[in-house]
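# Residue-level structure breakdown
Here are the chains, one letter per residue:
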2 protein chains.
Amino acid sequence: MSSPLPQPVLVVGTGLVGTSLGLALRRSGVEVLLTDRNPEHVRTATGLGAGHRYAGEPVGLVVVAVPPDHIGPEIARALAETSAVVTDVGSVKTAPLRTLEAAAGIERYAGGHPMAGSERSGPLAATPTLFDGRPWAVTPHRTSSAAATAAVEELARLAGASVVRLSPEEHDEAVARTSHLPHLLSVLVAGRLADAPTDHLALSGQGVRDVTRVAGGDPALWQQIVTGNAAAVAGLLTQVRDQLDVLIDAVTTGDRGSLGEILERGVAGTRAIPGKHGGPSRPTVSVFVSVPDHPGELARLFADAGASDVNIEDVHIDHDPARETGLVELVVEESRAEHLHAALGERGWETHR
Amino acid sequence: MSSPLPQPVLVVGTGLVGTSLGLALRRSGVEVLLTDRNPEHVRTATGLGAGHRYAGEPVGLVVVAVPPDHIGPEIARALAETSAVVTDVGSVKTAPLRTLEAAAGIERYAGGHPMAGSERSGPLAATPTLFDGRPWAVTPHRTSSAAATAAVEELARLAGASVVRLSPEEHDEAVARTSHLPHLLSVLVAGRLADAPTDHLALSGQGVRDVTRVAGGDPALWQQIVTGNAAAVAGLLTQVRDQLDVLIDAVTTGDRGSLGEILERGVAGTRAIPGKHGGPSRPTVSVFVSVPDHPGELARLFADAGASDVNIEDVHIDHDPARETGLVELVVEESRAEHLHAALGERGWETHR
């Protein structure tokens, strides 16, 4: 199913994503050229081995990796100035497309969106493994040529990602639901903490930390993302407001039936999220282990866990500086928890679930 | 500042929290008696070593550890049937108190709320370390005696927790903000996922998983918690609805200034959350390491990280079954990231930030 990648690949914009893409493609020997408004960034990216400086030579594929507000114009320029296939890595797909509808060569464009990033930015944060195993939405529009779409899918695969093909409209609905809505509601929860008394915030547990983590993201970037996907985001926000009205009414009147329905629907929603990497979601449970707070102990714990032949799905650490102990949460498949519990207990660890 | 704990301690309700409390107090040699409507649970809890079966003997302190709906009546019963100090471990403080206002001996009651739990329940999930280093709100009311408050604070300390003293009203405002509001908005986000197309959910990343994790909690329990704290919760939900209206308007009209203000306020809120265990919040960054997906490698990584003398604040693992590699995220203090990055690189690990 894979077709050869048109080469060389020109990456426009050598920030975190553009430079990481160069590094990822170089692993497979793809010829990569780099350009950026900021010559310093190009120097850094070429220095890291992400490709060579672009000097106007013919290219086979252009990847636009610039901030959301500049994506439309950069795609238009690439279509006008080259005869290459053109794609982008922006988080919103229909808004830039609307500005391009009349562009000559628009059949050479097929959009893309790797679901990978970091709270850091710039070429120095880049890594060849950024896309490994991540979904990469490929979003051909109505007149994208089959060759353009095939080239973008091959690009995503060579970068290490898993292709998810969606129309631009479906993509924007999907990210409104799985990314933009969660972000904005996380922001509203965090906003209620900003002026809370300090001794009230002392009761903060892991729950509120998890719910508000993404609210710490760069406001300038999120402003561009949200306004670029305004229609889909506003639609979902309006649905949430309707649910919120029902919820306020249920809480105020003590209507437990209605409250229960909303809570049950939330549980169903958490179960609808697929397992990481698109695999089926397997039920997991946590085994907690008390670990003395020095580094060698953590290594010893993982050695013992490894010897028990149980796969660790995730780990969380909660330090307690006052006691110099840490509480390590090992997340494992439900069916293996009992075995791990027993195996660690035998090796002298204080465990609980 | 600590005064002797009145003994024996009677724990009413041998679920996760009650049994864990018995186990925690037994570490310090405290005499613990146990009772529960379910005799099977008492048998399990005594079998685990959490204390002895209660047979009506005189007690010094009663801890009510039953589901939210039953807390008020159980406190009233303990005040009537014993001359002991009485406390509870419920997540809401003013609602049970209102039912007790006229109770004889109410000065012997001072409320409490350990910020500790698990998605599991029942005595078999209990552990003596459940409260270690966690905040334990102690909430004397207007007529609580100094002796009752001192006894409850000593109980919390002996269980391993850090005491945070708040009035019942302040406590309920605090948990509405740091626990009940985040829970309910997480539920609303998750509710929007319940009927989403599967190929849209394929784009789910870590953000939506974090925001919706708590929404998987037991609806029956949360129904009781939320209706027990209705006034404070409804007040905050109404504030959020007002902000949501502003947000919908900003997104619909493309008002970037107003959107930016809301996003900035969210960032400020995430920074207001204290560090774990009440310490100052230190800026952390993540170092990512590609790790072959077999157990020994994880032990080797932690051994090398330990040798680099950098304290690991938290860990996340993202498996990629297709490639048999995992991506391990090591969260460390910002000032130590560069050093860890270099140290792991020297030892042959493929790292990035």
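Residues numbered from 1 in each chain as written. Chains lettered and ligands numbered in written order. Predicted model: local features only at pLDDT ≥ 70, side-chain atom pairs only at ≥ 80, totals over all residues.

## Regarding the overall build of chain A
Defined as follows: Helix and strand labels come from DSSP, where a helix needs a run of H or I of at least four residues and a strand needs a run of E of at least two; each type is numbered from the N terminus. Burial in this document is a count-based property: other C-beta atoms within 10 Å of a residue's C-beta are tallied, and the residue is buried at 20 or more, exposed at 12 or fewer, or partly exposed in between, with C-beta positions derived from the backbone. Note on contacts: residues are paired as contacts if their backbone-placed C-beta atoms lie within 7 Å.
Each helix and strand in chain A was counted, giving 13 helices and 12 strands. Projecting the C-alpha coordinates of chain A onto the three principal axes gives extents of approximately 65 × 55 × 40 Å. For chain A, the residues scored as buried account for 54% of the 353 residues in total. For chain A, contacts bridging at least 24 residues in sequence account for 68% of all contacts bridging at least 6.

## Description of the confidence of the model for chain A
Short version of the rule: Every residue gets a pLDDT, meaning the predictor's confidence in that residue, from 0 to 100.
Averaged over chain A, the pLDDT score is 89; the fraction of residues at 70 or greater is 92%. Among the prediction metrics, the complex's ipTM stands at 0.79, with pTM recorded as 0.79.

## Brief notes about the relation of the copies chain A and chain B
Which entries qualify depends on this criterion: Copy-to-copy superposition: least squares on the C-alpha atoms, limited to residues that have pLDDT of at least 70 in both copies.
Mapping chain A onto chain B calls for a screw motion: a turn of 180° about the axis and a shift of 0.0 Å along it, with 0.1 Å RMSD after fitting. Taken together, these values place the two copies in the relation of a two-fold axis. Of the C-alpha atoms belonging to chain A, the one lying closest to the rotation axis is found on Val-211 of chain A, 2.1 Å away. Interface overlap between copies: 100% of the residues of chain A at the interface are likewise at the interface in chain B, consistent with a symmetric, same-surface contact.

## A few points about helix α6 (residues 168-191) of chain B
To keep it simple, the criterion reads: Bend at a residue means the angle formed by two fitted axes: the first through the 7 residues ending at that position, the second through the 7 residues beginning there.
Along α6 of chain B, the helix axis deviates most sharply at Ala-176 of chain B, where the bend reaches about 45°. Counting buried positions along α6 of chain B gives 22 out of 24 residues, so the element sits mostly inside the fold.

## A look at the interface of chain A and chain B
The line we're drawing: Classification convention: Asp, Glu, Lys, Arg as charged; Ala, Val, Leu, Ile, Met, Phe, Trp, Tyr, Cys, Pro as nonpolar; all other residues, Gly among them, as polar.
Across the contact, 116 residues belong to chain A and 116 residues belong to chain B. The biggest single contributor to the side of chain A that touches chain B is helix α6 (residues 168-191) of chain A, with 18 residues. The residue makeup of the side of chain A that touches chain B, split by class, is 60 nonpolar, 34 polar and 22 charged.

## Let's talk about the packing of α6 of chain A against helix α10 (residues 230-253) of chain A
All names here are of chain A. Put simply, the rule reads: Structural elements are reduced to axes, namely lines fitted to C-alpha atoms, with helices fitted over the stretch in contact, and the angle between N-to-C directions of any two is expressed from 0 to 180 degrees. Throughout this description, any angle smaller than 35 degrees is read as roughly parallel, any larger than 145 degrees as roughly antiparallel, any in the 65 to 115 degree range as roughly perpendicular, and the remainder as oblique. Crossing chirality is assigned from the near helix's rotation relative to the far helix, an anticlockwise turn below a right angle marking it left-handed and a clockwise turn marking it right-handed.
One way to put it is that α6 packs onto α10 with a least axis distance of 9 Å and a crossing angle of 55°. By the angle between their axes, α6 is oblique relative to α10. Note that α6 runs across α10; the crossing there is right-handed. Contacts between α6 and α10 involve Asp-172, Glu-173, Ala-176, Arg-177, His-180, Leu-181, Leu-184 and Leu-185 from the first element and Ala-232, Val-233, Leu-236, Leu-237 and Val-240 from the second.

## A short note on the pairing of strand β7 (residues 135-139) of chain A
All names here are of chain A. Rule in force here: Two strands pair under a simple rule: DSSP has to find at least two bridges between them. Crossover handedness is defined by viewing with both strands directed away from the observer: a clockwise path from the first strand over the helix to the second marks the crossover as right-handed.
Judged by how many residues are buried, β7 sits mostly within the fold: five of five residues are covered. Of the two faces of β7, both are covered, the one formed by Pro-135, Ala-137 and Thr-139 as well as the one formed by Trp-136 and Val-138. By the bridge criterion, four bridges tie strand β6 (residues 111-114) to β7 in an arrangement that is antiparallel. Of the residues in β7, the one forming a bridge with Pro-114 is Trp-136. Following the chain from β7 across helix α5 (residues 146-158) to the adjacent parallel strand β8 (residues 162-165), one finds a crossover that is right-handed.

## Re helix α3 (residues 71-81) of chain B
Think of an α-helix as turning once every 3.6 residues; residues three or four places apart then point the same way. Within α3 of chain B the residues assigned to the buried category are Ile-71, Gly-72, Glu-74, Ile-75, Ala-76, Ala-78 and Leu-79 of chain B. Elements in contact with the buried residues of α3 of chain B: β1 (9-12), β4 (61-64), β5 (85-88) and α4 (94-98) of chain B.

## Overview of the sheet that holds β4 of chain B
Residues and elements named next belong to chain B. What the five strands build is an open sheet, ordered β3-β2-β1-β4-β5; its pairing is parallel. Of all the strands in the sheet, just β3 (52-53) and β5 have a single pairing partner and so form its edges. Across the sheet, helix α5 (residues 146-158) lies against β4 and β5, angled at about 50° from β5, the strand it touches most.

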